[in-house]
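Secondary and tertiary structure notes
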Amino acid sequence: MDLLILAATQVATPLTLLCIVLGTAFGVMVGVLPGLGSVIGLTMVLPFTFGLPQVPAIALMLGVYCGSVYGGSVTATILNTPGTPQSAATALEGFPMAMRGEASRAIGWVTMSSMIGGLFSVTVLIIVGPALAKFSLMFTPIEYFALGLFALTCIAGVSAGALAKGLMGGALGVLLATIGSDPVTGALRFTFDSFMLTAGIGLIPVVVGLFAFSEMFLRILKLDEPGMDRTTMKVGFSLPPWSEWRSRIGMLVRGSMIGSFVGALPGTGAATASFIAYSEARRTSKRRENFGKGEPDGIVACESANNAVTGSALVPTLSLGIPGDPVTAVMLGALVIQGIAPGPQLFANHMDIVYALFMALILVNFVMFAVGALGASVFTRILRVPEPILIGLIMIISTLGAYGVSGSTFDVWIAFGAGVVGALLRYFAFPVAPIVIGLVLGPMLELSLRQGLILTRGSFLAFLERPIALVLFIITALVLLWPMLRWLRSRRA
Amino acid sequence: MAEAQNRPVTIVVPFAAGGGTDITTRAMQQGMGESLGVDVVVRNAEGAGGTIGVAEVARARPDGTTVAMAPVGPLTTQPHMNRLPYDIDSFSYVCLAYSAPTVIAVRADSPFETLADMVEYARANPGELNFAVQAIGSIPHVAGLGLAAAAEIEMTYLPVNGDGPALRALLDGSADLFIPHVSFYSTNADQLKSLALLQRTRLDEQPDLITAAEQGYDLDFPIWGGLVAPANTPSDTLERLETACDAGIQSDGFQDRMEALRQPPAYMGAAEFEAFVRETYATNRTLLEAAGLISE
Amino acid sequence: MQDNPEPSAQAAGAMGARWLEATLLAGFLVLIVAFVWASFAEVSAFARSGHGRGPYFFPRLVLGVMALLLPFLVLRLVRSTRTLPERAPMIRLGAVIALTALYIAGLERIGFVASSIVYALAIPLLLGRRDLWLLVPVAVVYALVVWLLFERAFLIILPAGSWWS
């Protein structure tokens, strides 16, 4: 109890509160810009944390972290230009909703679900953090492979009606991810004698190209079509009423749980969580047939999931010292330089720091909501900019998103190529989200499969001897068979 | 050239943000900037074992505005393994900014207490020990090869993707040992146990870490990195950078942060650094060749 | 695009669309062949040993899946009812894509600010806006604000261009 009070006094200082507000606002801003995500945002504030005491430094980083995850979804919703893979799934429902003229409502769903997902995962972190970390250690490469296979099934969820095309896209993504140096042998493969390709194809440039560039290209084709009158579009922020929430509590809880679980496994991440949550929602929702046309169920599932990753990704980072993704790696670096060593002893000896972190994280989620609600009137007004002008401006900022990651023009060309190919694919009704799923999951799948083979000394059968992996394999098989079972049942009826 | 002196200096870090190289560079940033009188900007250009970022600097204009924090791997091991658009002659050397030994680490509850325990087990069970390797051809990997050669043991190499995943592989039981940087080891010391410090003498800061040399194996594998500028950078510009590097390392901010990271300080001037790089380059070639990592 | 006035033009559009989609699928085929070909590259002795399989084990699995899927897509193609967009928007799209390529090439040569002003001005002109009194200030202010934001606030150094030095 004393520790709680001590932590509270550390958080309730003007400096810490300022850090929370500024960090969150800055994070949302960085997230909104296509291509710039959490990592860039965090590295930008990293030098400032050097000069700050421990708790304000942590608060600043947490604000940027959570804010940037949320911010990406705002752009995905308003412009259909998700700059980071984690908000790609949100665009699938958020953007059609905004196009119906309900941008303010769509942002309302996004913001509320984000906050609840975030708070849910803080609760998870507080209650079962160290235990969850222990559980995550039951996942060896073999379990990761099984989980990766299961996650791949969400390709089917995001490509309804065009399954073969979706699968082709997914395979393309996995294939593109193998370009560069092989993680197991270090050999260079598929570089076609280009040195720049030895680093592989960057995920962010491809996402910027596939979504932002191709979206702008395709809009040019539709300029002459009678669209909706932009001056009547609702701008601002509007919270959905309770009557609409009530039936979606299940979605919200499930999304938050998926996000919290996936986040706690190092090396999976927010993109995987939101895609799994989306396809789960699509499979189980009563409003299944509205999906793809702006169904709030989809927004609620994705947003609660990707924001729930923020808290739970800190579980392995703090209690084991294992950052799960590039984002938590930067957070960990900042903590270590503050003299805070992660690991079990952090929870044993420095509970005041841990409590302060929890409190800051809770506050960050509320501030995020406020920033979103206030910012929405600015963001949604982007929709009123005349299309011919908007296209040029979005292209410029997206170009910088692709450039900013590593400051290389090569990445911009990758984005350009992905943009042209993406526009062509989308014109012929190839869903592009599976390409991103493939790119995200491919490296994890390959590495875990081959690590698993090394551990079992080359035996595939030994994969089935691991109980958790076996359960995941069975679930994967059931999910794949589900549509067939449903079809059989409907025939019998 | 006068104009270039007022432009910000970009330090390209060829590894991801948040890692040891990145944090060390960012810790120097302010001190260097004050000495140079311009902004110093850190940019992460990761990929292909660090060679992408280092290659970018090899190709940059030699006006002192673009330098790399070049780590040991991209400078002295990668050029042997892959065809790269640079070699050790592509650079003007500025300074060595950090260098710290590696340790052979096992889980805290591991049955092995000394290097001898582990070697004995490995000899009795060839290939049974799983050795988590952060990246193929990296110094930890080369150090493992050195250990296997010196102790005449066989290990199974389990490639993982960096220090964090290597730690996870140890904790989840997939791997039995890995070779981290001493700073990473100290940060996670409550979950790990060091069998040997891979340096000839003990560390002043952490005298309890027993060296491999004391246990009969002459293994010395530091992880280091330093600033390099493109070849043909004018000598007065290089001198300014070298002075700034020294100032960055001497600054209180840097020293404090290295203490927080438990990273022992190190510094070499331009001439010494260049000689050191060339020597290590030659030694690592021998090790990699013996392991079959050089194809030709 | 669907309610094209002339039936013959519509038929031509459908034909063109089918050809374009066929080209896309041919692109997949070329990609698969190129990657399969590249997967026979020589690898080091280290990469051949061990239980982790070689570097091409996994990519070949993926290539196999792609090769299996391709015939399905070809079958679908026959039943495709897509049509090409009309001529005018197609030309505009081609122009915007070309302009974007020029813009990216221009970044390194004349720098971010100059090329962005030109690009932000050229796109709306190309898409039919003629109100220069609005377009010019928007392009100039936008480019400068973005430049300031990145270069001064984010400390992300943007291309300055080799032309000026």
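Cut-offs and rules
Residues numbered from 1 in each chain as written. Chains lettered and ligands numbered in written order. Predicted model: local features only at pLDDT ≥ 70, side-chain atom pairs only at ≥ 80, totals over all residues. Heavy atoms only, no water. Buried < 20%, exposed > 50% of the residue type's maximum accessible area, 1.4 Å probe, protein only. Helix = DSSP H or I, 4+ residues; strand = E, 2+ residues; numbered from the N terminus. Arc of directions from axis to C-beta. Contact = heavy atoms within 4.5 Å. Domains from an automatic or database assignment. Buried area = accessible area lost by both parts, 1.4 Å probe. Salt bridge = Lys/Arg side-chain N within 4 Å of Asp/Glu carboxyl O. Polar contact = N/O pair within 3.5 Å; in protein donor to acceptor, adjacent residues only side chain to side chain.

1. A word on helix 9 (residues 252–261) of chain B
- Burial in helix 9 of chain B covers these residues: Phe254(B), Arg257(B), Met258(B) and Leu261(B). Considered in projection along helix 9 of chain B, the buried side chains sweep an arc of 100 degrees and stay on one side of the axis. Exposed residues pointing more than 90 degrees away from the buried face of helix 9 of chain B are listed as Asp252(B), Asp256(B) and Glu259(B).
- The inward-facing, buried residues of helix 9 of chain B abut helix 3 (38–50) and helix 14 (326–337) of chain A together with helix 1 (20–36), strand 4 (91–101), helix 7 (182–187) and helix 8 (235–250) of chain B.
- Just downstream of helix 9 of chain B, Arg262(B) is the residue with a positive phi angle, here 55 degrees.

2. Some details on the domain arrangement of chain C
- Taken as a whole, chain C is organised into domain 1 (7–78) and domain 2 (87–154).
- A straight line from the C-alpha centre of domain 1 of chain C to that of domain 2 of chain C covers 35 Å.

3. Concerning the interface of chain A and chain B
- With 45 residues of chain A at the interface, the matching set in chain B holds 43 residues.
- Across the chain A to chain B interface the summed buried area is about 3500 Å²; carbon plus sulfur atoms make up 64%.
- On the chain A side of the interface with chain B, the three residues burying the most area are Phe195(A), Ile337(A) and Arg457(A), jointly 17% of the side's total.
- For the pair chain A and chain B, the number of links is one salt bridge.
- Of the charged contacts, one joins Asp193(A) and Arg83(B) as a salt bridge, the two residues approaching to 3.4 Å between their closest N and O atoms.
- Inspection of the region where chain A meets chain B yields six residue pairs in polar contact (both at pLDDT 80 or more).
- If you list the elements that add at least two residues to the side of chain A that touches chain B, you get helix 3, helix 6 (141–152), helix 14, helix 15 (344–349) and helix 19 (433–455) of chain A.
- The element contributing the most residues to the side of chain A that touches chain B is helix 14 of chain A, with six residues.

4. Observations regarding the domain arrangement of chain B
Residue and element names in this part refer to chain B.
- Here the domain parsing of chain B yields domain 1 (4–99 + 223–290) and domain 2 (103–215).
- Listed per partner, the contact involves 13 residues of domain 1 and 14 residues of domain 2.
- Taking both partners together, domain 1 and domain 2 bury about 1200 Å²; carbon and sulfur atoms supply 69% of that area.
- Contact with domain 2 buries area across many residues of domain 1, yet Ile223, Arg262 and Leu287 alone supply 43% of it, more than any other trio.
- Viewed at the interface, domain 2 and domain 1 are joined by zero salt bridges.
- In this structure, the connection of domain 1 to domain 2 is made through one residue pair in polar contact (both at pLDDT 80 or more).
- If you list the elements that add at least two residues to the side of domain 1 that touches domain 2, you get helix 3 (72–81) and helix 10 (270–290).

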